[in-house]
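# Structural overview for review
What follows is each chain in one-letter form.
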Amino acid sequence: MVEHDRLNQVILNIIMIILCLFCVLPFVLLVSSSITDEAALVKYGYSFIPKKVSFEAYRYLLGSSTAIVRGYGITILVTVVGTFLNLVITTLLAYPLSRHDLPGRNVVAFIIFFSMLFNGGIVPSYIMWSQIFHIKNTIWALIVPNLMMNAFYVIMMRTNFNANVPDALIEAARIDGADEWTILAKIVLPISKPILATVTLMVGLSYWNDWINGLYYINKDKYFSIQILLNRMLQDVQFLKTSSIGSQSGSLLATLPSVGIKMAVAVMGVLPIMVIYPFFQKYFIKGITIGAVKG
Amino acid sequence: MNKSVKHRSAGHSRFKRYLPLYLMMIPGLVYLGINNYIPMAGIIIAFKKVNYAKGVLKSPWVGFKNFEFLFTSKDAWVITRNTILYNLVFIVLGTVLSVAVAIILNEIRLKRAKKVYQTLILIPFLISIIVVSYLSYAFLSTDNGFINNSIIKAAGGEPVNWYAEPAYWPFILTLVFLWKSFGYNSIIYYATVVGIDQSYYEAAAIDGATRWERVKYITFPGLKSTIITLTLLAVGRIFYSDFGLFYLIPMNSGPLFDVTNTIDTYVYRGLMQMNNIGMSSAAGLYQSIVGFILVLTANSIVTKLSKDDALF
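Owing to the predicted nature of the structure, the values given are computational and were not obtained by experimental measurement. (Residues numbered from 1 in each chain as written. Chains lettered and ligands numbered in written order. Predicted model: local features only at pLDDT ≥ 70, side-chain atom pairs only at ≥ 80, totals over all residues. Heavy atoms only, no water.)

Helix and strand counts for chain B stand at 15 helices and zero strands. Computed over C-alpha atoms, the radius of gyration of chain B comes to 26 Å, more than 25% over the 20 Å expected from 2.2 N^0.38 for 312 residues, which places it beyond the range of a compact globule. Projected onto its principal axes, the C-alpha positions of chain B cover 85 × 75 × 35 Å. Out of the 312 residues belonging to chain B, those deemed buried represent 49%. Looking at chain B as shown, the accessible area adds up to about 15000 Å², and 67% of this sits on carbon and sulfur atoms. Of the side chains in chain B, 28 bear a positive and 15 a negative charge, and the two mean positions are spaced by 16 Å. (Helix = DSSP H or I, 4+ residues; strand = E, 2+ residues; numbered from the N terminus. Rg over C-alpha atoms; globule rule 2.2 N^0.38 Å. Buried < 20%, exposed > 50% of the residue type's maximum accessible area, 1.4 Å probe, protein only. Areas by Shrake-Rupley, 256 points an atom, 1.4 Å probe, with all protein chains shown as cover. Lys, Arg positive; Asp, Glu negative; His and termini not counted. Charge placed at Lys NZ, Arg CZ, Asp CG, Glu CD.)

The following block contains the structure:
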């Protein structure tokens, strides 16, 4: 019985290890290829073990091209500003909805909920943002459309406020003379830190990874975020050379390591997430789990 | 307490009392109005011949012309077929894999190993689909790809031009989809498994149930409700596809369109690359309306099966 059980455990662990390798190996190929000598790549292709190690691709990316640094700048700016705005808007909408005594809250809840069931589609949306609001090729194009509020997170946050903030606490604060803004800031938010952290992470991730707004609304390389840059470079690695913000040094142009640089630039794209993930892993898992519980 | 009762009785002070709460909701509602509700009104574009110079409202009406063009073309059939078939395969395989992983995670006793597995299988979910397109390119590139160079050449075969051979793509796209999403769904199912009352397992152990029997009679039934909800949610979205998966992973390659074109990629190409707003908006409205009907249908089915699992 015990022997049998131990065998079971071994088999189950082996299955999980295989699945984990399935998830991780593509990244090994990516990193390994990015530090392989260009000539070796041309001869043997991308491989898991570098035939000859070389950091030329990174030297080129960081040394003679400003595009990557600029891309990081745009991405960080958009992520910070966007996530902040999203969090403010979401909290301010979710909190009143969580108040059982607020007249008309069901109407508002329905308006929010309906937007999750039906949408006008991308065509009217694109025409509106570009023709009425003229956000094409502005930094707002990366911040405002679609990402600045997510109905799902509003409902999730409302449910969380309902469950974790006792009505009696709010009532007591009001009797003490606190106004609604004070109640929100001093009582509700401090005890809701876990949900705020979770929403911040999920929204931050969607801003960091967003490329669709860039695809629709940005065609000036001045506003290329790291994802847009990646998208452009996979199709046309020469973009780094021709881009007005790309290279500074003429002498290096001829030696663009075009095969390896593709992988190096992708590594640069995932690196920040991989670095912070271990520290926030707990919150990501929590976010997914909370999100799964319906609003 | 008395004070608040008195408060509630007076209409004017009642409004004054709630005013700050209404003010708080303004930014969110304005955003929702612009981002979601104006485009809903914009579905009229599907019945117009849009002329940017005149503006949407002044562009001439064309009735159902755009839909006639769309549905008499071969595209309407291809994009509908692809969108639905891929989704069905994704739903079935994705659910089986994720539920299996959740159960395996629950059975594994090494706490630390369990943590590591959860952390690793979630990585693909965190990565942008753009980076995934680089990863698949590293494997599939005709000249430099790992598969052509390290596997096919080593075995003495002829290199395959992956980005021009439609036959492989249903498998490739399914594999990429599973790779990117199974960890996320496994975590959701695993959370449900962890929530199952432990006393059931203890009672079963006392009764001498085997491990497999416990999975079959306790874990699996415990997961049923989550499986139903997530599956029907997915069925409700069967008319929508992950644009990035179908556009970026095949690198927008023309020869593959027959097996990679979905409603979402079609709408994008019509709008941004072929400047065919009529067809594009007709396809978009077709998606919105059928999608809406499907969500309502899916929900009413859940309501019938088990009321608690319904969404609304």
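Additional details are given in the paragraphs that follow.
Where interface size is given, it is often the accessible area lost as the parts come together that is meant. For chain B, the assigned domains read domain 1 (2–35) and domain 2 (65–309). A straight line from the C-alpha centre of domain 1 of chain B to that of domain 2 of chain B covers 43 Å. (Domains from an automatic or database assignment.)

To describe a pair of aromatic rings, you give the distance between the ring centres and the angle between the ring planes. Per the counting criterion, the structure on display carries 36 aromatic pairs over all chains. Aromatic ring contacts, followed pair by pair, group Tyr126, Trp211, Tyr216 and Tyr217 of chain A together with Phe243, Tyr247 and Tyr268 of chain B into a single cluster. One cation-aromatic arrangement involves lysine 51 of chain A over tyrosine 44 of chain A; the distance from NZ or CZ to the ring centre is 5.1 Å. Sitting over the ring of tyrosine 240 of chain B, arginine 237 of chain B keeps its end group 4.5 Å from the ring centre. (Phe/Tyr/Trp six-rings, centres within 6.5 Å; stacked < 30°, edge-to-face > 60°. Lys NZ or Arg CZ within 6 Å of the ring centre and 35° of its normal.)

Moving on to helix α4 (residues 74–107) of chain B. One turn of the α-helix equals 3.6 residues, which is why residues spaced by three or four share an orientation. Under the 1.5 Å per step criterion, the end-to-end length of α4 of chain B is 50 Å for 34 residues, consistent within 8% with the ideal 50 Å. The backbone nitrogen of aspartate 75 of chain B lies 3.4 Å from a side-chain oxygen of the residue at the head of α4 of chain B, namely serine 73 of chain B. (Expected span 1.5 Å × (residues − 1). Polar contact = N/O pair within 3.5 Å; in protein donor to acceptor, adjacent residues only side chain to side chain.)

Another aspect to go through is the interface of chain A and chain B. On the side of chain B, 92 residues touch chain A, which itself brings 95 residues to the contact. Summing both sides of the interface, chain A and chain B together bury roughly 8900 Å²; the carbon and sulfur share of this comes to 76%. Note that arginine 211 of chain B and aspartate 5 of chain A form a salt bridge whose closest N and O atoms lie 3.3 Å from each other. If you look at where chain A meets chain B, you find 25 residue pairs in polar contact (both at pLDDT 80 or more). Top element by residues in the side of chain A that touches chain B is helix α1 (residues 2–34) of chain A. It accounts for 17 residues. Looking at the side of chain A that touches chain B residue by residue, the class counts come to 69 nonpolar, 17 polar and nine charged. (Contact = heavy atoms within 4.5 Å. Buried area = accessible area lost by both parts, 1.4 Å probe. Salt bridge = Lys/Arg side-chain N within 4 Å of Asp/Glu carboxyl O. Nonpolar A, V, L, I, M, F, W, Y, C, P; charged D, E, K, R; others polar.)

Right, let's get into a nonpolar patch on the surface. A contiguous nonpolar patch, built from Trp181 of chain A together with Phe15, Leu19, Leu23, Ile26 and Val30 of chain B and spanning about 550 Å² of accessible area, is present on the exposed surface. Here tryptophan 181 of chain A is to be found in helix α9 (residues 180–191). (Patch = residues over 30% accessible without salt bridge, like charges linked within 9 Å, V, L, I, M, F, W, Y side chains within 5 Å.)

Take the nonpolar core next. Judged by nonpolar contacts, the single largest core of 173 residues is most densely connected at Met16, Tyr95 and Ile112 of chain A together with Trp169 of chain B. Counting residues per element, this core draws most heavily on helix α14 (residues 258–292) of chain A, which supplies 14 residues. Taken together, domain 1 (2–35) and domain 2 (65–309) of chain B each give at least three residues to this core, which thus spans both. The residues touching methionine 16 of chain A, leaving out its near neighbours within four places in the chain, are Val101, Ile104, Leu105, Ile108, Tyr117 and Ile121 of chain B. (Core = buried A, V, L, I, M, F, W, Y, C linked by side-chain atoms within 4.5 Å.)

Bringing the pattern of salt bridges into the picture now. Residue and element names in this part refer to chain A. Counting across every chain of the model gives twelve salt bridges over all chains. For arginine 174, the salt bridge is made with aspartate 101, and the minimal N-O distance between the two is 3.9 Å. In this pair, arginine 174 is assigned in helix α8 (residues 167–175) and aspartate 101 in the loop between α4 (67–98) and α5 (105–117), connecting sequence segments 73 residues apart. Accessibility expressed as a relative area gives 15% for arginine 174, which makes it buried. Across the pair arginine 174 and glutamate 171 runs a salt bridge, and its minimum N-O distance is 3.1 Å. Residue arginine 174 and its partner glutamate 171 are both found in helix α8; the two are separated by three residues, about one turn of the helix. Note on glutamate 171: relative accessible area 15%, which makes it buried.

All names here are of chain B. In this model, chain B carries an average pLDDT of 89, and 95% of its residues clear a pLDDT of 70 or more. Considering only residues more than four positions removed or in separate chains, one finds that residues 1–8, a stretch of pLDDT under 50, has eight contacts. Taken together, the chains of this predicted complex give a pTM of 0.90 and an interface ipTM of 0.89. (pLDDT = per-residue confidence, 0-100.)

With that settled, the discussion passes to the packing of helix α5 (residues 111–121) of chain B against helix α9 (residues 169–194) of chain B. Residues and elements named next belong to chain B. Where α5 contacts α9, the axes come no closer than 8 Å and their chain directions differ by 135°. Classified by the angle between their axes, α5 and α9 sit oblique to one another. Of the residues in α9, those in contact with Lys114, Gln118 and Ile121 of α5 are Phe182, Gly183, Ser186, Ile187 and Tyr190. Among the residues making up the contact of α5 with α9, the classes are represented as four nonpolar, three polar and one charged. (Axes fitted to C-alpha atoms, helices over the stretch in contact; angles between N-to-C directions. Parallel < 35°, antiparallel > 145°, perpendicular 65-115°, else oblique.)

Residue and element names in this part refer to chain B. Packing of α4 against α9 leaves a shortest axis separation of 7 Å and a crossing angle of 40°. Taken together, the axis directions place α4 and α9 in an arrangement best described as oblique. Relative to α9, the crossing made by α4 is right-handed. (Left-handed = near helix turned anticlockwise from the far one by under 90°.)

Time to look at the side chain of asparagine 261 of chain B. Residues and elements named next belong to chain B. Looking at the element boundaries, asparagine 261 is found in the loop between α13 (257–260) and α14 (263–273). Judged by relative accessible area, which is 9%, asparagine 261 ranks as buried. Ignoring sequence-local partners within four residues, the contact set of asparagine 261 consists of Val78, Ile79, Asn82, Tyr266 and Arg269.

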